[in-house]
Amino acid sequence: LRVMMFRLDSQNPAKTPHVMLNLWSITHTSNAVIMSTEAIASWEVVPQLANVRVMLVGQQKAENSISNMAISFRPVSDADELTLEALQPTGFDFTGATAISL
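The structure presented is a predicted model; accordingly, all values stated were derived computationally and were not measured.

Colleague: Is there a simple way to think about the environment of Met35 in this case?
Modeller: Mapped onto the elements, Met35 comes out in strand S2 (residues 33-41). Dropping the residues within four chain positions of it, Met35 is found in contact with His28, Thr29 and Ser30.

What follows is the structure, encoded as structure tokens:
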């Protein structure tokens, strides 16, 4: 017997299903009789944030000035920590920054 291989397109769910449901199952049959079956764990889905907005709302908008930003998003799953990192342009400094929940 030879190895059977195929590919298919699919779309990941918004978040990882419960561990008992996050499985791939395959059943090999012949004339409606189960010849073999196997289930393997699937991968962890890394949820994305939805409706992300970052806005400069403070009065100071000049180079090297300190100003206020408003950040909003819709989380897809529960979390207890948020990391904010400015990648471009370089030079952002969040030292002493505080966050308030609105």
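Resuming the write-up.
Colleague: Help me out: how do you make sense of unusual backbone geometry in this one?
Modeller: Negative phi values dominate among residues other than glycine, just as trans dominates among peptide bonds. Despite not being glycine, Asn31 has its phi angle at roughly 55°, a positive value. Relative to the helices and strands, Asn31 resides in the loop between strand S1 (23-30) and S2. According to the relative accessible area criterion, Asn31 is exposed, its value standing at 75%. Positive phi outside glycine occurs at Asn64, with the angle close to 65°. Positionally, Asn64 belongs in the loop between strand S3 (50-56) and strand S4 (69-74).

Parameters and conventions
Residues numbered from 1 in each chain as written. Predicted model: local features only at pLDDT ≥ 70, side-chain atom pairs only at ≥ 80, totals over all residues. Heavy atoms only, no water. Helix = DSSP H or I, 4+ residues; strand = E, 2+ residues; numbered from the N terminus. Contact = heavy atoms within 4.5 Å. Buried < 20%, exposed > 50% of the residue type's maximum accessible area, 1.4 Å probe, protein only.

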